[in-house]
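Residues per chain are reported as follows:
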Amino acid sequence: MLALDPGAPEVVIRRTGIIGFMSAATTPVTGRVAAPGDRRWLVLIVVAVAQLMVVLDSTIVNIALPSAQRALGFPNSDRQWVVTAYALAFGSLLLVGGRLGDMFNRERVFIAGLIGFAVASAIGGASVSFAMLVAARALQGAFGAVLAPAALGTLVSTFREPRERGRAFGVFGSVAAGGGGVGLILGGLLTQYLSWRWTLYVNLLFAAIAVAGAVAWIQPSRPDVRPRMDWRGAVLACAGLFLIVYGCSHAETAGWTAAVTIACLAAGVVLLAGFVVAEQRSSHPLLPLRVILDRTRGGSYVAVFITGVAIFATFLFLTYYLQVVKRESPLATGLMFLPMIGCILISSNLSSVVGLARFGPRVLIAIGMLLGAGGMAYLTQVTVSSGYASAVLPALLILGLGFGMIFAPAINTATFGVARQDSGVASALVNTMQQVGGSIGTSAISTIALSATASYLITHHASPLAPAIAATHGYTVAFGVSAGLLVLGFILAIVLLPSKRRLAELRSAAATAEQAAAEPAPAAPALAPSPAAPAPQPAFEAIPVALCSCSPVVRAVPRAAATPVR
């Protein structure tokens, strides 16, 4: 989690993610002198390289996955674990990783995250078995959860002057935005002309550059008061999420009624229920429940969760369709995804800059859900003989526009107006919901898709094209399920999210309450010292800068500027 400087003229919180990463703010940091101007920009380069490495990894491995499957010989039923292991570890440990940055020397946490990520990447590149690859991906996710908050915390504490901070976050946002697209192209190049293993080995180069720069230019910082870690809550949450994901995956081979499947799903639900109880009783909860029980934020989290399911499914199944069924090269596959990334960028910025103030989050997110459902429904029509321009490209354009309309308003709504002590966890939870949604969704939808493929082969095994047709049938079933989830998201957006007028009323009431709380106490009797009025807490606004990687900037704004949306 990011450290805030209470004396700074504005507070910036930065969160990113492919499909997402975050930073959060909790604890003041002292003992850190702002670096000289030349050193500050060198620190920005170091942090940007680290961010690029993390963002690349979310897309570069997807392009290499079919080649890795052929090399290691693991079945279709296991391939989703290469994606799920990383997303599950990253999403479930993100709050823990952010807290570690608050508890210890952030420079050392940052370097440890870089080294750990590089070591995990080397293990993955050298994998000789499926189990080794999945373990390396999970280790990557764990160290990524440590690295991402520390990187953003370093950036915030280095750039304190508002104008320079804006420039620094502009550069950082550009890296976050372009990283997904670069990953698609670089993954294709490395896989096609070297080996799929180099999509993991390339992280060693990025990590070496970032570690050398961190040692040379980043100054150490330690908190005045070290916050406590809610280890009980962390263990319950991680174990519960893992059991649910494993139960969904096990259902593919054993069925949904198998004893192991039912036991894992039931145990996962029980552990997550225990996590809720533990957070209610903890004096230092990892996730204060007041954050998610707010209806407005809760609706935003649900929207991000459902969209995470859909976007992970799109990348996974379309990659296999294009490379395995259509025989496209890894490089061509990466290039084919770029229109979707471009549409997400355009749509997210337009919806946040123009649409949010004019229409409110309910309208934008609901329309985005419908566009996403339409794009997924369009993909259900693909066949073995479909062409990219007619069957895939229109769907990618529609999906990109829809996802951008969801991410920007959802992140703004989820992080606007939170109390300072909750601002970090509110930002972290957006990214966590997307990653966990992608983990659970990829596992469950993969199970459904592979079951549909197997059923098709049983009844159509005689045709020479039966394997390709059956695989395509499984992909279309997966797209259909994703479309149904997005329709559900549309309904929930209408029910849970506030209208523009209601949101303005809530924000106005909150601003009035804060202003009243900040008014000075009545004059004390003569000769008695007059207590100082408490400093007003700033309102917050979220400014999306790169929503293809879910990366808004959340900053404190002056009281006069904290007006409700009109």
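Residues numbered from 1 in each chain as written. Predicted model: local features only at pLDDT ≥ 70, side-chain atom pairs only at ≥ 80, totals over all residues. Heavy atoms only, no water.

### Section: the overall build of the chain
On a plain count of helices and strands, the chain comes out with 16 helices and five strands. The buried share among the 566 residues of the chain stands at 57%. Carbon and sulfur atoms make up 68% of the accessible area of the chain, which amounts to about 21300 Å² in all. (Helix = DSSP H or I, 4+ residues; strand = E, 2+ residues; numbered from the N terminus. Buried < 20%, exposed > 50% of the residue type's maximum accessible area, 1.4 Å probe, protein only. Areas by Shrake-Rupley, 256 points an atom, 1.4 Å probe, with all protein chains shown as cover.)

### Regarding the packing of helix α11 (residues 330-359) against helix α12 (residues 361-379)
Two numbers describe how α11 lies on α12: the axes approach to 7 Å, and their chain directions differ by 120°. If you check the angle between α11 and α12, you find them oblique. Note on element contacts: α12 touches α11 through Pro 361, Val 363 and Leu 364, opposite Ser 351, Gly 355, Leu 356 and Phe 359. Partitioning the contact of α11 with α12 into residue classes produces five nonpolar, two polar and no charged. (Axes fitted to C-alpha atoms, helices over the stretch in contact; angles between N-to-C directions. Parallel < 35°, antiparallel > 145°, perpendicular 65-115°, else oblique. Contact = heavy atoms within 4.5 Å. Nonpolar A, V, L, I, M, F, W, Y, C, P; charged D, E, K, R; others polar.)

### Quick look at the side chain of Thr 307
In this fold, Thr 307 is placed in helix α10 (residues 295-325). If near-sequence neighbours (up to four positions away) are discounted, Thr 307 is found in contact with Met 369, Phe 403, Ile 406 and Phe 407.

### Here's the deal with the nonpolar core
The biggest cluster of nonpolar side chains holds 125 residues, and the ones touching the most others in it are Phe 110, Phe 317 and Phe 403. Broken down by element, the residue count for this core peaks at 17 residues, all from α10. Every residue in contact with Phe 317, bar those within four places of it in the chain, is listed here: Arg 79, Ile 445, Ser 446, Ala 449, Tyr 475, Ala 478 and Phe 479. (Core = buried A, V, L, I, M, F, W, Y, C linked by side-chain atoms within 4.5 Å.)

### Quick word on α12
At 3.6 residues per turn, the α-helix brings residues three or four places apart onto the same side. Between its terminal C-alpha atoms α12 stretches 27 Å, which fits the 27 Å expected from 19 residues at 1.5 Å a residue. Those residues of α12 lying buried are Pro 361, Leu 364, Ile 365, Ala 366, Gly 368, Met 369, Gly 372, Ala 373, Gly 375, Met 376 and Leu 379. (Expected span 1.5 Å × (residues − 1).)

### Remarks on unusual backbone geometry
If you check the backbone angles, Arg 327 has positive phi at about 60° while not being a glycine. For Arg 327, the location among the structural elements is in the loop between α10 and α11. A relative accessible area of 69% places Arg 327 in the exposed class.

### Remarks on a nonpolar patch on the surface
Taken together, the side chains of Phe 359, Val 363, Ile 367, Leu 371 and Leu 401 present a nonpolar region at the surface, about 370 Å² in accessible area. Phe 359 gets classed as partly exposed once you look at its relative accessible area, which sits at 42%. (Patch = residues over 30% accessible without salt bridge, like charges linked within 9 Å, V, L, I, M, F, W, Y side chains within 5 Å. Salt bridge = Lys/Arg side-chain N within 4 Å of Asp/Glu carboxyl O.)

### Examining the environment of Val 304
Mapped onto the elements, Val 304 comes out in helix α10. Classification of Val 304 as buried rests on a relative accessible area of 1%. Residues Val 304 and Ala 414 lie 110 residues apart in sequence; the distance between their C-alpha atoms is 9.8 Å.

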